[in-house]
Amino acid sequence: MTAPLEARAMGSSIERLDGVAKVTGTAPYAWEQPVERPAYLHPVQSTIALGRVTGIDTSAAEALDGVIAVLTRHNALRLEDTSDGELAILQDDAVGFRGQFIGGVIAETPETAREAAALVTVTYDQEAHDARLSADRDDLDAPDQVNAGFPTDTVQGDPDAALAGAAVVIDRTYTTPAEHNNPMEPHTTVAQWTDNGLVLYDSTQGVHQVRRALAPVFGLPIERIHVTSPHVGGGFGSKGLPHSHVILVAMAAQLSGGRPVKLALTRQQLFSVAGYRTPTIQRVRLGADREGRLTAIVHDVVEQTSKIKEFAEQTAVPTRMMYAAENRRTTHRLARLDVPVPSWMRAPGECPGMFGPEVAMDELAEACGVDPIEVRVRNEPHIDPESGRPFANRHLVACLREGARRFGWEQRDHRPRVRLDGDWLAGTGVASSTYPARSQPGSVARIRFADGLFNVSIGAADLGTGTWTVLTQVAADALGVGVGDVRLEIGDTALPKASIAGGSTGLASWGTAIAEAGETFLTKYGTEPEDGDELEAAAPKNPAADEYAMHSFGAQFAEVKVHRFTGEIRVSRMLGVFSAGRIVNPRTARSQFLGGMTMGLGMALHEHSVMDPRFGIIVNHDFAEYHIPANADVLDMDAIWLDEVDEHAGPLGARGIGEIGIVGAAAAIANAAYHATGVRVRDLPLTPDKFL
Amino acid sequence: MKPFDYRRAVAPESAIADVAGNPEAAYLAGGTNLVDHMKLGIAEPRLLVDITSLPLDEVAETQDGGVSIGANVRNSDLAAHPLIRSRYPVLSQALLSGASGQLRNLATTGGNLLQRTRCVYFQDVTTPCNKRAPGSGCSALEGYSRYHAILGASDDCIAVHPSDIAVALAALDATVVVQGPSGERSMALTDLHRLPDSRPDLDTVLEHGDLITAVRLPGLPWAERSAYRKVRDRASYAFALVSVAGAVELEDDGGAPGEVPVIRQVRIALGGVAHKPWRATLAEETLRGVQATHENFRAAADAELERAAPVGDNAFKVPMVRNTMISVLHELTREYS
Ligand SMILES: Cc1cc2nc3c(=O)[nH]c(=O)nc-3n(C[C@H](O)[C@H](O)[C@H](O)COP(=O)(O)OP(=O)(O)OC[C@H]3O[C@@H](n4cnc5c(N)ncnc54)[C@H](O)[C@@H]3O)c2cc1C
Ligand code: SF4
């Protein structure tokens, strides 16, 4: 096992090393990568949700000046492996959702490609599609497992009997809508086929994952796919694994006469092809004694997947470890629909799955006349209720208490609808937050001493999160040198393999590899290495992962104002307190937490992908209609953390922080809105009409 | 986007001739709506006549004590203009509540009035829409209608007009000056936009080639007591769910001390409720000559909303308009009531 690092560079708020390049526009994102004579692709998308393409007339498009080729299933590359229904585009005439790629135009300019794509006429044999999610469907079905490999259902004790005998029962249904990851940087890929195989400049959360996913699809050995992605303008899970646009642009690059082909999805296109968070319908039942001690928790989730590829969000999984209760059941059921393929979106599982239960806990607190913080404290488990393992570091109560102190919770009058500030009803709310502390083994770091610098390379990703900066800090401490003595390289498959930037595992996984490499390097070459000294080392598995339940925790506090006449709602104050192990760079960490909380604010008040089931499309598919918070919505927001080092979390003592900031935020806001208005809204988002 | 020609207009007359003579020509002002529509395939002009160099960018006092606003005056400039801020706060507030800073820097007065609905089906050429493709049907009627009309809609279209400033201008009795192939005319702003009836494809009464050259505000000293209240889904940068533009003049004497004053004149216009900025004439009638009390405000709102016909997702707009109207009236008469 790698020895714990001594923190010297770690813990300091150094500025982003890539900051100047970014604000001066010189950091090359995928679209800006210099390539020779690029051609441009514009996709053709299906306008039906289910059926067959009976004809594609490309003549008008081909006749347009500047069009290089029109891609359809008739000239598309045959894929070796079509088992992934999302990636297997243009292989036959079937249409599985509206907006699916059925072709594309390659042209000299993006404008020409777009115009020519509009000239392609398609005829269909349309079948009746089904895009309506409801909990009453009689064809809901249990997947074999849910995302991240968790079991679909769990049961402990006899929850039904416990509910029947409980002094207090909360039985409510909560819903969260579909939401779309909307990173600032569009989903962009530049593809070129060369003698060495396929070269991709991609906006991705993991270059190595892209090539591993694509190699079997194209039937290529892994070394014949080269992926470069030094800077990514946000991903939130939607750039975790390649979506079908990467296949489309690679197909197009086969028809361009060897020229590189560029594709950046438009905002509208993103809404059908780049993944999204499934809507969820969550029935939560809590049984408790009169003091609010839980005897039973039941969390039954209904959500959707696309028929062409299964994705089952692990929505009820956090309920399995969050609070103590003798009797517990969690279930997931899927409606299989003719809709775009859902996928990962910041904190899949925890984010929607902590909404229902954390509002239910507020309802329980009220029913029992107990402070909402107290009710959580009373249900604090001593060991992980699911695995029976001890928690590595469970500091939920400390987060709640510290937050209560700073937020001024003690003075809270628990009665709803009794505070008026001008015409605004005011209230406060709290919710717990949690996220698993995973790290992935197998990442490899290379260290080479050259030009007086320690060159550290690893094929990791920076989604705007700060990877460039924090890995440099980790490397400095791993080698016992200054940050200025390290030169980091990330974001390329030419560099040693790295796990994905996902599941908040990046820092711990890559950092462990760097720590291991640093330790080995110092052992082998000492502190005065010679030019050319070089080695690679892989991150060992963290043995604590098998002994402990490893999770981060947090407490979210919100103060909300609701206009008593118009129903407008504002989050006037928000505080997040997190326990996430060592914070390697307070500056970039704070930005991650605040970003997560802001996205949680958006989830609470704004985000809602409106599916029109008659067409099978998200109708509000642009930024004028799909709302995320504007600056004016984000008022007084702060994030702090407990000062801690997690001795079980590997040599860095750090757990990931990319996702926990969003978890619980929406519930805290909904609870505060209830406290302000006396109106319990159980369906997100909390729009003004719900408070009239 | 279809290929198109671009011409920079040098004089109104030639610009009008260029557009009037070519059914596929369009005026280009700030382009913040038209260019989006060209990208989305909603508008496919073959010739753009850029009018932003025409000398239509003055804000000037008129002889009757009013203000004349050139059609090319940018939304941000108009909002900041001292004459507008001091005499017509309702208009300045409406301007600042619209879009974002960047958009307001580009958007013009004329273009803002002629922007088209944000109905999501209108903006998606793959769905039926009578306004975009006459006769294809109205997808909103049984679809996503949260933002749609509760007043004056038809079975063919329930879209709303999205402009904020049009609502303020409707309340202020603004007139629109239009120059067409056959000369200049002017009309009340409330007559510019139409109700959809069976021709939702027509947003306004303008003919192809008509150029808006100016908007005139009458002298209205009591409009200093005016306000624009926009209710939306987020704090900024969102179209109105509903909005209320109001101006109130109270009787001078204000009644005996301690007595509730009487309303002499009142202007109310509503946004987010109809295919046009909706002048709330029934509410105004109810309020004229009565005391500025909550009950009277409510009676006025009820009078206006009696004809409201929500379609599904938008039933909330009825209480929302009522409450917002009452709230604005309270605000405008606060020191008295
Ligand atoms: C994301 C977003 C959010 C927005 N939010 C709001 C909002 O909250 N409230 C709001 O009110 N608006 C909002 N807008 C709309 C914005 O105000 C309009 O796009 C803008 O005012 C249009 O003005 P323009 O000068 O850019 O018009 P253009 O796009 O150039 O033109 C619009 C139309 O008017 C015609 N036209 C322009 N000038 C004349 C003239 N003088 N005579 C005859 N015809 C003319 C053009 O041919 C075209 O058909 C928003 C827009 C966007 C993109
Ligand atoms: S409401 Fe009007 S604009 Fe919207 S779909 Fe119907 S016809 Fe088209």
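Residues numbered from 1 in each chain as written. Chains lettered and ligands numbered in written order. Predicted model: local features only at pLDDT ≥ 70, side-chain atom pairs only at ≥ 80, totals over all residues. Heavy atoms only, no water.

Q: Can you walk me through the interface of chain B and chain A in this structure?
A: Reports often express the size of an interface as the amount of accessible area lost when the parts come together. Taken together, the contact pairs 37 residues of chain B with 35 residues of chain A. Summing both sides of the interface, chain B and chain A together bury roughly 2,900 Å²; the carbon and sulfur share of this comes to 55%. Per-residue buried area on chain B facing chain A is highest for Met1, Arg234 and Ala235 of chain B; these three make up 20% of the total on that side. Summed over the shared surface of chain B and chain A, the result is four salt bridges. A salt bridge links lysine 2 of chain B to glutamate 115 of chain A; the nearest nitrogen and oxygen atoms lie 3.1 Å apart. Listing elements by their share of the side of chain B that touches chain A, those giving two or more residues are helix 2 (34-40), strand 9 (226-231) and helix 12 (317-333) of chain B. Residues belonging to the side of chain B that touches chain A are distributed by class as follows: 16 nonpolar, nine polar and twelve charged. (Contact = heavy atoms within 4.5 Å. Buried area = accessible area lost by both parts, 1.4 Å probe. Salt bridge = Lys/Arg side-chain N within 4 Å of Asp/Glu carboxyl O. Helix = DSSP H or I, 4+ residues; strand = E, 2+ residues; numbered from the N terminus. Nonpolar A, V, L, I, M, F, W, Y, C, P; charged D, E, K, R; others polar.)

Q: Is there a simple way to explain the sheet that holds strand 5 (residues 101-107) of chain A in this structure?
A: Remark on secondary structure: sheet strands pair via backbone hydrogen bonds, oriented parallel or antiparallel. All names here are of chain A. Spatially, seven strands are ordered 3-5-1-14-11-12-13 in an open sheet, and the strand pairing comes out mixed. A strand with exactly one partner marks an edge of an open sheet, and here the two such strands are strand 3 (67-71) and strand 13 (225-228). Averaged over all pairs of adjacent strands, the angle between strand axes in this sheet comes to 25°, irrespective of strand direction. Relative to strand 14 (residues 261-264), strand 11 (residues 188-194) runs antiparallel, the two being bridged by four bridges. Bridged to valine 190 within strand 14 is lysine 262. (Pairing = 2+ DSSP bridges. Axes fitted to C-alpha atoms, helices over the stretch in contact; angles between N-to-C directions.)

Q: Quick question: what am I supposed to make of the site of ligand 1 here?
A: Among the 33 residues in the neighbourhood of ligand 1, the closest are listed as Tyr27, Gly31, Thr32, Thr108 and Asp164 of chain B. Close to ligand 1, residues of chains A and B are found. Here glycine 30 of chain B contributes a backbone N or O atom positioned 2.8 Å from an oxygen atom of ligand 1. A distance of 3.0 Å is found between an oxygen atom of ligand 1 and a backbone nitrogen or oxygen belonging to alanine 99 of chain B. When isolated, ligand 1 has an accessible area of 980 Å², and the protein chains bury 93% of it. Broken down by element, the shell around ligand 1 gets its largest block of residues, four residues, from helix 7 (residues 109-114) of chain B. Here the residues of the shell around ligand 1 sort into 16 nonpolar, twelve polar and five charged. (Near = heavy atom within 4 Å. Polar contact = N/O pair within 3.5 Å; in protein donor to acceptor, adjacent residues only side chain to side chain. Areas by Shrake-Rupley, 256 points an atom, 1.4 Å probe, with all protein chains shown as cover.)

Q: Would you mind showing me how to read empty space enclosed by the protein here?
A: Remark: the empty space left among the atoms is shown by a probe the size of a water molecule rolled over them. All names here are of chain B. Summed over all chains, the structure comprises seven cavities of 30 Å³ or more. There is about 240 Å³ of room inside the largest cavity. What lines the largest cavity is a set of 23 residues, and nearest its centre among them are Arg118, Tyr147, Val160, Phe239 and Ala240. Broken down by class, the residue content of the lining of the largest cavity amounts to twelve nonpolar, eight polar and three charged. (1 Å grid on protein atoms, 1.4 Å probe; cavity = no way out; pocket = protein on both sides within 12 Å on 5 of 7 lines; lining within 4 Å. Points joined across faces, edges and corners; volume = space filled by probe spheres on them.)

Q: It is not clear to me how the sheet that holds strand 20 (residues 444-450) of chain A should be interpreted in this structure. Could you clarify?
A: All names here are of chain A. Spatial ordering of the open sheet is given by 22-21-20-23, a layout of four strands whose pairing is mixed. The open sheet has two edge strands, strand 22 (486-489) and strand 23 (534-538), and neither has a second partner. Across the sheet, the mean angle from the axis of one strand to that of its neighbour is 20°, orientation sign disregarded. Contacts from helix 12 (residues 467-479) reach strand 20, strand 21 (453-457) and strand 22 within the one sheet, and its direction differs from that of strand 22 by about 135°. Strands strand 20, strand 21 and strand 23 of the sheet are contacted by helix 13 (residues 506-525), whose axis makes an angle of about 140° with strand 23.

Q: Looking at this model, I keep getting lost on unusual backbone geometry. Mind explaining?
A: Keep in mind that most residues, glycine aside, have a negative phi and that most peptide bonds are trans. The residue after leucine 684 of chain A, namely proline 685 of chain A, is reached through a cis peptide bond having omega -5°. By secondary structure assignment, the location of proline 685 of chain A is in the segment after helix 15 (665-677). Of note, arginine 417 of chain A is a non-glycine position whose phi angle comes to about 55°, a positive value. Mapped onto the fold, arginine 417 of chain A is located in the loop between helix 11 (396-407) and strand 18 (420-421). Positive phi values are uncommon outside glycine, yet aspartate 173 of chain B reaches one of about 60°. Assignment of secondary structure puts aspartate 173 of chain B in the loop between helix 8 (165-171) and strand 6 (175-180). The partly exposed category is assigned to aspartate 173 of chain B, whose relative accessible area is 36%. (Buried < 20%, exposed > 50% of the residue type's maximum accessible area, 1.4 Å probe, protein only.)

Q: What exactly am I supposed to notice about the packing of aromatic side chains here?
A: What the rule picks out here adds up to 13 aromatic pairs over all chains. Ring geometry for phenylalanine 454 of chain A and phenylalanine 521 of chain A: centres 5.9 Å apart, planes at 75°, overall edge-to-face. Remark: phenylalanine 521 of chain A occurs in helix 13 and phenylalanine 454 of chain A occurs in strand 21; sequence separation between them is 67 residues. One exposure class covers both phenylalanine 454 of chain A and phenylalanine 521 of chain A, and it is buried. Measuring from ring centre to ring centre gives 6.1 Å for phenylalanine 615 of chain A and tyrosine 121 of chain B, while their planes differ by 55°; the resulting arrangement is tilted. With phenylalanine 615 of chain A in the loop between strand 26 (611-612) and strand 27 (617-618) and tyrosine 121 of chain B in the loop between helix 7 and helix 8, this pair bridges two chains. Side by side, phenylalanine 615 of chain A and tyrosine 121 of chain B carry an identical accessibility label, which is buried. The structure contains a cluster of three or more aromatic residues connected by ring pairs, namely Phe449, Phe454, Phe521 and Tyr525 of chain A. For arginine 394 of chain A, the ring lying beneath its charged end belongs to phenylalanine 391 of chain A, and the centroid distance is 4.8 Å. Against the face of tyrosine 147 of chain B rests arginine 146 of chain B, its NZ or CZ located 5.9 Å from the ring centre. (Phe/Tyr/Trp six-rings, centres within 6.5 Å; stacked < 30°, edge-to-face > 60°. Lys NZ or Arg CZ within 6 Å of the ring centre and 35° of its normal.)

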